[in-house]
Amino acid sequence: MEVTNLEAIILAAGYSSRANAFKMTLPLGQITVLEQTISKFEGICNRVIVVGGYQADIIQEEVTKIRKKNVYSFQIEFVYNENFNQGMFSSIQKGCSKLNESTFFITPGDCPLVKKSTVQLLAKEQGKVVIPSFNYKGGHPIKLSNEVKQKILEKSPESNLRVVLNNFEKKYFNVDDPGFLLDVDTPEDYQKAVDYYNNCISD
């Protein structure tokens, strides 16, 4: 059953400086890293906001390609963060400024290996800050409330999400899914992601 009061912000504005390639458009299975990340919100969110910055035209083109497939039930919106060089928090603020719903997910675009079933479980959990946890390590996506959004928007762009979340009680939700701890920062990370994807049954 589709959840209609949730949105997701996907952060895709970074430099990919350690990946030796533009990691968001690297292939992972039959689709790209970015689309793998986007796809996990199918049937859960009514809109996914992709925030681009560095090489934003590439991200926008990729979002357009994904949208044209007509395989997802949610809206996919590209937003350009003109201040992406100020860091990730400025992209979080840009995404938050475009939200319509009171509850939302945030995840980096290079975290494509979380199971969709994990996102479904997180969607049902109550709390102002809900963080998936595996072996006592927190990962993404995190689910946040409207109250958290307001605090994010009040902060300076030079701040960071951790500072904001420290003012709220965090709910760590334990799941059997090591995939949400895997991101694609380096060529070695990408190879690990490909191996993990190929050796695990996707859900």
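Draft legend 1. Broad picture of the confidence of the model for the protein. Here the protein averages 89 in pLDDT, while 93% of its residues score no lower than 70. No element of the protein has a lower mean pLDDT than strand β8 (residues 137–138), which averages 88, and none a higher one than strand β9 (residues 142–145), which averages 97. Scored below 50 in pLDDT, residues 17–21 makes nine contacts in the model with residues more than four places away or belonging to other chains.

Draft legend 2. How the structure looks around helix α7 (residues 187–199). In a regular helix each residue adds 1.5 Å, so 13 residues correspond to 18 Å; α7 covers 18 Å between its end C-alpha atoms and thus fits that length. All buried positions along α7 are accounted for by D189, Y190, A193, V194 and Y196. Taken down its axis, α7 places every buried residue within 165° of arc, on the same side. The outward face of α7, more than 90 degrees from its buried face, is lined by the exposed residues E188, K192, N198 and N199.

Draft legend 3. Fine view of the pattern of salt bridges. Scanning all chains against the criterion turns up ten salt bridges. Of the charged contacts, one joins E35 and K69 as a salt bridge, the two residues approaching to 2.7 Å between their closest N and O atoms. Of this pair, E35 sits in helix α1 (residues 33–39) while K69 sits in helix α2 (residues 56–69), placing them 34 residues apart in sequence. A residue is classified by how much of its surface remains accessible, and E35, at 3% relative accessible area, is buried.

Draft legend 4. Just the nonpolar core, in detail. Formed by 32 residues in total, the largest nonpolar core has its most connected members in I38, F41, V50, I59 and F105. Counting residues per element, the ones that place at least two in this core are β1 (6–12), α1, β4 (47–52), α2, β5 (75–80), α4 (116–124) and β7 (129–134). Counting 21 residues, the second largest nonpolar core, distinct from the first, contains I131, I142, I152 and L161.

Draft legend 5. Inspection of the pairing of β7 at higher detail. Within β7, six of the six residues are buried, which leaves it mostly tucked inside the rest of the structure. The two faces of β7 match: V129, I131 and S133 on one face and V130, P132 and F134 on the other face are all buried. Alignment of β7 against β9, held across two bridges, turns out to be antiparallel. Bridged to V130 within β9 is K143. Two elements, β7 and β8, share two bridges in a ladder whose sense is antiparallel. Note on β8: the bridge partner recorded for S133 is G138. Count of turn residues in the β7/β8 antiparallel hairpin: two residues, of which N135 carries a positive phi of about 50°.

Definitions and limits used
Residues numbered from 1 in each chain as written. Predicted model: local features only at pLDDT ≥ 70, side-chain atom pairs only at ≥ 80, totals over all residues. Heavy atoms only, no water. pLDDT = per-residue confidence, 0-100. Helix = DSSP H or I, 4+ residues; strand = E, 2+ residues; numbered from the N terminus. Contact = heavy atoms within 4.5 Å. Expected span 1.5 Å × (residues − 1). Buried < 20%, exposed > 50% of the residue type's maximum accessible area, 1.4 Å probe, protein only. Arc of directions from axis to C-beta. Salt bridge = Lys/Arg side-chain N within 4 Å of Asp/Glu carboxyl O. Core = buried A, V, L, I, M, F, W, Y, C linked by side-chain atoms within 4.5 Å. Pairing = 2+ DSSP bridges.

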